[in-house]
Amino acid sequence: MIRHTVIFTTKHPKGSAAEANFIEDALLLSKVPGVKKFERLRQIHAKNPHRHGFSMEFDDQAAYDGYSNHPDHVAFVNDKWIPNVADFLEIDYEPL
């Protein structure tokens, strides 16, 4: 199992309609084959400068690679992520 996470801050003002629309648009990622347990999250720790996160799980590396290369994911990155995200940190985990 692989847990793919990303924490980020948008280019938009906190709580703005543009920020909310971007987070809503991310729901399409949950429909990409292989994605499990997709979550949109609000980051609350004061020491972390990012405001939001996405988390999802994959059965294995093949499922994760399929997601990464899927046209819907590629389009989301190019059409939504790059224009809307100011900064991010991506972390992928697997159980020990």
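Heads up: the structure comes first, above all this text.
Quick caveat, the model's predicted, so the values are computed rather than measured.

1. What to know about the layout of surface pockets
Its volume calculated, the largest pocket comes out at about 220 Å³. Around the largest pocket, the lining is made up of 14 residues, and of these His4, Tyr67, His73, Val77 and Glu90 lie nearest the centre. Those elements that provide at least two residues to the lining of the largest pocket are β1 (2-10), β3 (52-58), α2 (61-69), α3 (71-84) and β4 (85-93). Tallied by class, the residues present in the lining of the largest pocket amount to ten nonpolar, three polar and one charged.

2. Quick word on α2
Among all positions in α2, only Ala63, Tyr64 and Tyr67 are buried. An end-on view of α2 places all buried positions within 100° of arc, on one side of the element. Turned more than 90 degrees off the buried face of α2, the exposed positions are Ala62 and Asn69. Looking at the buried residues of α2, the elements they touch are β1, β3, α3 and β4. Its side-chain oxygen placed 3.3 Å from the backbone nitrogen of Ala62, Asp60 serves as the N-cap of α2.

Cut-off values and rules
Residues numbered from 1 in each chain as written. Predicted model: local features only at pLDDT ≥ 70, side-chain atom pairs only at ≥ 80, totals over all residues. Heavy atoms only, no water. 1 Å grid on protein atoms, 1.4 Å probe; cavity = no way out; pocket = protein on both sides within 12 Å on 5 of 7 lines; lining within 4 Å. Points joined across faces, edges and corners; volume = space filled by probe spheres on them. Helix = DSSP H or I, 4+ residues; strand = E, 2+ residues; numbered from the N terminus. Nonpolar A, V, L, I, M, F, W, Y, C, P; charged D, E, K, R; others polar. Buried < 20%, exposed > 50% of the residue type's maximum accessible area, 1.4 Å probe, protein only. Arc of directions from axis to C-beta. Contact = heavy atoms within 4.5 Å. Polar contact = N/O pair within 3.5 Å; in protein donor to acceptor, adjacent residues only side chain to side chain.

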